Each structure stands twice: as structure tokens, then as C-alpha cells.
Amino acid sequence: MPEITVRGGERAVPMYESHPRMVFPTGNRNRTAARVQAALLRWGVRIAAALTAAVLLFLIGYILVMGIPNLKPSLFAWEYTSENVSLVPALINTVLMTGFSLVIAAPLGIFAAIWLVEYAQRGNKLVRLVRLTTETLQGIPSIVYGLFGMLFFVTQLGWGFSLIAGAFTLAIMVLPVIMRTTEEALMAVPDSYREGSFGLGAGKLRTVFTIVLPSAMPGILSGIILATGRIVGETAALIYTASSLAKIPESVFSSTRTLAVHMYLLSNEGLHVDATYGTAVVLLLLVLAINCLSSFIASKLAKH
């Protein structure tokens, strides 16, 4: 094959005689550093996940090991006495307090989030104010909520130390959690769902309740699970509003004691530490049961 010359008399190298070379835009050294950095980050994530799981397993194992031997039949007596320190009234009060609080807080939080995402204009100053207020309420200590509940519900409204005063106080406490998680779940629903519903002739309200809400239901239930965990484990706010009477309430205006308050009082007295560990096991199982039930419902709704 004849040689090909270019201007200046230089010989052009044919393609079949050339030797390809790998050229990286940033060089081999930068590529190696990027691989090392990615490997370090990957192992860092794995170590963090392993430590988190180890701490959780340690806490659960410690509570079970210390509490299961102290689960005596006297702890499950129907009425509380100073001898048996039964947890049954506190368990029933915990379920009632959780139910009343969620009945008050869940509709308000969900409807407020629907208004913020679906009806309020984007960039509205009122929307920014509501979101700022919600984020601020999430950071307020629980004892401040308890003092507010005591001054307003217990004293000002004349409800006294009662189940309903504690339920309203806890509802205000968990309202920001439900509202923010519901808002994020609604924003995660693609706009194509809404546009398809509008294209089929559905109105705004029908689209929200038949298309948007079912799609966001797993996220909404996640917020309700978080709210439930905070309600079940709350002590400071309930001591100031629901008091600590270990008795099944006769009405919503009766004083109550939840499991968390029951544990706090037993450990504070120091006379029934073994019963405190047994109560901790029951409280742990109650929280796990609520979480499993909520996750099961969320998975069923996600499939539909």
C-alpha cells in the first residue's frame, strides 16, 4: 500500500498500524482515588448499618433477658394494688390514650397536609408560615407540652387530670409528625396520576380521595406509626395532664396511668425494680405489635 503523505512531507500513519491507547479525562491517579473513596464510603455505610442493628439487638436482648424472668402472674391482675403492682390498668389506659390521641391528631394532620399540597398555591406565604410553624413544633420538648396541657386543658377548661386532657395534649404533640410525613407522601405521588384523573373527567376532590390518598397511604401510615411510638413512650406530658392513678378509667374525665408512666413511677420508687423490667417487656411487645400491624396494613394498601 503506498504511503500517504500530508502537507510538509510528513508520513501519515495508516489506521492498521496505529496502536490505541486508553486516555482518561482525569488520569489514572484520579480514577484510583475515586475507587478508593467509593470503597471507603461503601464500608462506612455497612459499618454504620451494622452498628445500628447491633445497638437495637442489644437493647431488645437486654430488656428481654432482664424482664422475662420477672413476668409474674401478679403483674397481670385486673386491679392494681401496692403488693401486685399490676400493669393491666396501665396497659388498657395506654391503648385508650393512643386511640383517642390518634383519632384527634390523624384527621387534622392529614387534612392539613392535603390543603398544603393539593389546594394551596405554591410559594404562598401562608404555606411557608405553616411549614415553619410545624417544624418548630416538632422541636419543642415534651415537658413544655405537658405544662401547656396542664394550664389550658386541666386548669383553664376545667377538665382536671383526665384521659381527655392527656389525649388532647398528645394530639397536639404528634400533630406536626403526622402532618409533615403526610405532606411528603402526597408530594411523592407523581403529577401524572392527577393529570390522568383530570383527563378522565374527575374533579379535584374525587382525584384526591380516590387517586392521591391511596397512593400515598404507605407514607401516611409511616407517620402514624411514628406518632404511635411517641404516644406510647411519653411520660412527662402525661404526668402533668393525666396524672398517675393506676385504675381503669370510668369516663374520659377520669385520671389514668399509662405503661410508660407506670414504669417511671416504679423505677423512681425503687421498691419494685423487677416489675419495672417486666413492664418494659410488655411495653416493647406492644410497640412491636403496633408496628407490625401498621406495616402489614401498609403493604396491603400498597398492593392495591
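Predicted, not measured: the structure shown is a model, and the values here were computed from it.

Report on unusual backbone geometry, specifying residues and quantitative values.
In this model, Val85 sits at a positive phi of 40°, which is unusual for a non-glycine residue. Relative to the helices and strands, Val85 is located in the loop between helix 1 (27-67) and helix 2 (88-119). A positive phi angle, close to 65°, is found at Ser243, a residue other than glycine. Its location among the elements puts Ser243 in the loop between helix 8 (236-241) and helix 9 (259-269). Since its relative accessible area comes to 25%, Ser243 is described here as partly exposed.

How would you summarise the layout of surface pockets if you had to cite specific residues and measurements?
What the largest pocket holds in volume is close to 290 Å³. Around the largest pocket, the lining is made up of 17 residues, and of these Leu116, Val117, Arg122, Arg131 and Met187 lie nearest the centre. Contributions of two or more residues to the lining of the largest pocket are made by helix 2, helix 3 (125-138), helix 5 (163-187) and helix 6 (191-199). Its residues assigned to classes, the lining of the largest pocket shows 7 nonpolar, 3 polar and 7 charged.

Quick rundown of the side chain of Thr241? Include the residues and the values.
Mapped onto the elements, Thr241 comes out in helix 8. A distance of 2.7 Å separates the side chain of Thr241 from the backbone oxygen of Ala237, its partner in a polar contact. For Thr241, the contacting residues outside a window of four places in its chain are Gly146, Gly149, Met150, Val154, Gly160, Phe161, Ser162, Ala165, Gly166 and Thr169.

Quick one: what's the story with the nonpolar core, residue by residue and with numbers?
Of all hydrophobic cores here, the largest spans 33 residues; its most connected members are Met97, Leu170, Ile178, Leu186, Leu213 and Ile220. Mapped by element, the contributors of at least two residues to this core are helix 2, helix 5, helix 7 (204-232), helix 8 and helix 9. Judged by nonpolar contacts, the second largest core, of 13 residues, contains Ala275, Ala280, Val282 and Leu286.

Provide a residue-level description of a nonpolar patch on the surface, including the pertinent values.
Together, Phe111, Trp115, Tyr119, Leu126, Leu129, Leu205 and Phe209 give the surface a local cluster of nonpolar side chains, amounting to about 710 Å² of exposed area. The biggest single contributor to the nonpolar patch is helix 2, with 3 residues. For Leu205, the position within the fold is in helix 7.

An account of the packing of aromatic side chains is requested, with residue identities and associated values reported.
The geometry of an aromatic ring pair comes down to the distance between the two centres and the angle between the two planes. Considering all chains together, one arrives at 7 aromatic pairs under this definition. Geometrically, the ring pair formed by Phe148 and Phe152 is stacked, given 5.6 Å between the ring centres and 10° between the ring planes. Of the two residues, Phe148 and Phe152 both sit in helix 4 (residues 142-156), 4 residues apart, roughly one turn of that helix. Of the residues examined, Phe152 reaches a relative accessible area of 34% and is grouped as partly exposed. Measuring from ring centre to ring centre gives 5.4 Å for Phe153 and Trp159, while their planes differ by 15°; the resulting arrangement is stacked. Judged by relative accessible area, which is 5%, Phe153 ranks as buried. These aromatic residues form a ring-pair network of at least three members: Phe148, Phe152, Phe153, Trp159 and Phe168. Arg46 extends its terminal NZ or CZ atom over the ring of Trp43, reaching a point 4.9 Å from the ring centre. Over the aromatic face of Tyr80 sits the side chain of Arg257, whose NZ or CZ is 5.3 Å from the ring centroid.

Could you give an account of helix 7, naming the residues involved and the relevant values?
The terminal C-alpha atoms of helix 7 lie 37 Å apart, and with 29 residues this falls more than 12% below the ideal 42 Å at 1.5 Å per residue. The axis of helix 7 is deflected most strongly, by about 55°, at Met217, and proline Pro218 appears within four residues downstream.

Got a sec to walk through the confidence of the model for the chain? Specific residues and values, please.
The predicted model of the chain averages 83 in pLDDT, with 88% of residues at 70 or higher. Note that residues 3-7 has pLDDT below 50 and, in this model, 6 contacts with residues that lie over four places away or in other chains.

Would you mind going over helix 2 in detail, with residue names and values included?
Along its 32 residues, helix 2 runs 45 Å from first to last C-alpha, staying within 8% of the 46 Å computed at 1.5 Å per residue. If you look at helix 2, its biggest bend is around 30°, right at Leu102.

So what's going on with the pattern of salt bridges? Which residues, and what values?
Summed over all chains, the structure comprises 9 salt bridges. With its nearest N and O atoms 3.7 Å apart, the salt bridge here joins Lys72 to Asp274. Pair noted here: Lys72 is in the loop between helix 1 and helix 2 and Asp274 is in helix 10 (residues 273-303), with a separation of 202 residues, a long-range link. Taking the shortest distance from any N to any O, the salt bridge between Asp191 and Arg194 comes out at 3.1 Å. With Asp191 and Arg194 both in helix 6 and 3 residues apart, this pair spans about one turn of that helix.

Rules used throughout
- Residues numbered from 1 in each chain as written.
- Predicted model: local features only at pLDDT ≥ 70, side-chain atom pairs only at ≥ 80, totals over all residues.
- Heavy atoms only, no water.
- Helix = DSSP H or I, 4+ residues; strand = E, 2+ residues; numbered from the N terminus.
- Buried < 20%, exposed > 50% of the residue type's maximum accessible area, 1.4 Å probe, protein only.
- 1 Å grid on protein atoms, 1.4 Å probe; cavity = no way out; pocket = protein on both sides within 12 Å on 5 of 7 lines; lining within 4 Å.
- Points joined across faces, edges and corners; volume = space filled by probe spheres on them.
- Nonpolar A, V, L, I, M, F, W, Y, C, P; charged D, E, K, R; others polar.
- Polar contact = N/O pair within 3.5 Å; in protein donor to acceptor, adjacent residues only side chain to side chain.
- Contact = heavy atoms within 4.5 Å.
- Core = buried A, V, L, I, M, F, W, Y, C linked by side-chain atoms within 4.5 Å.
- Patch = residues over 30% accessible without salt bridge, like charges linked within 9 Å, V, L, I, M, F, W, Y side chains within 5 Å.
- Areas by Shrake-Rupley, 256 points an atom, 1.4 Å probe, with all protein chains shown as cover.
- Salt bridge = Lys/Arg side-chain N within 4 Å of Asp/Glu carboxyl O.
- Phe/Tyr/Trp six-rings, centres within 6.5 Å; stacked < 30°, edge-to-face > 60°.
- Lys NZ or Arg CZ within 6 Å of the ring centre and 35° of its normal.
- Expected span 1.5 Å × (residues − 1).
- Bend = angle between axes of the 7 residues up to and from the residue.
- pLDDT = per-residue confidence, 0-100.

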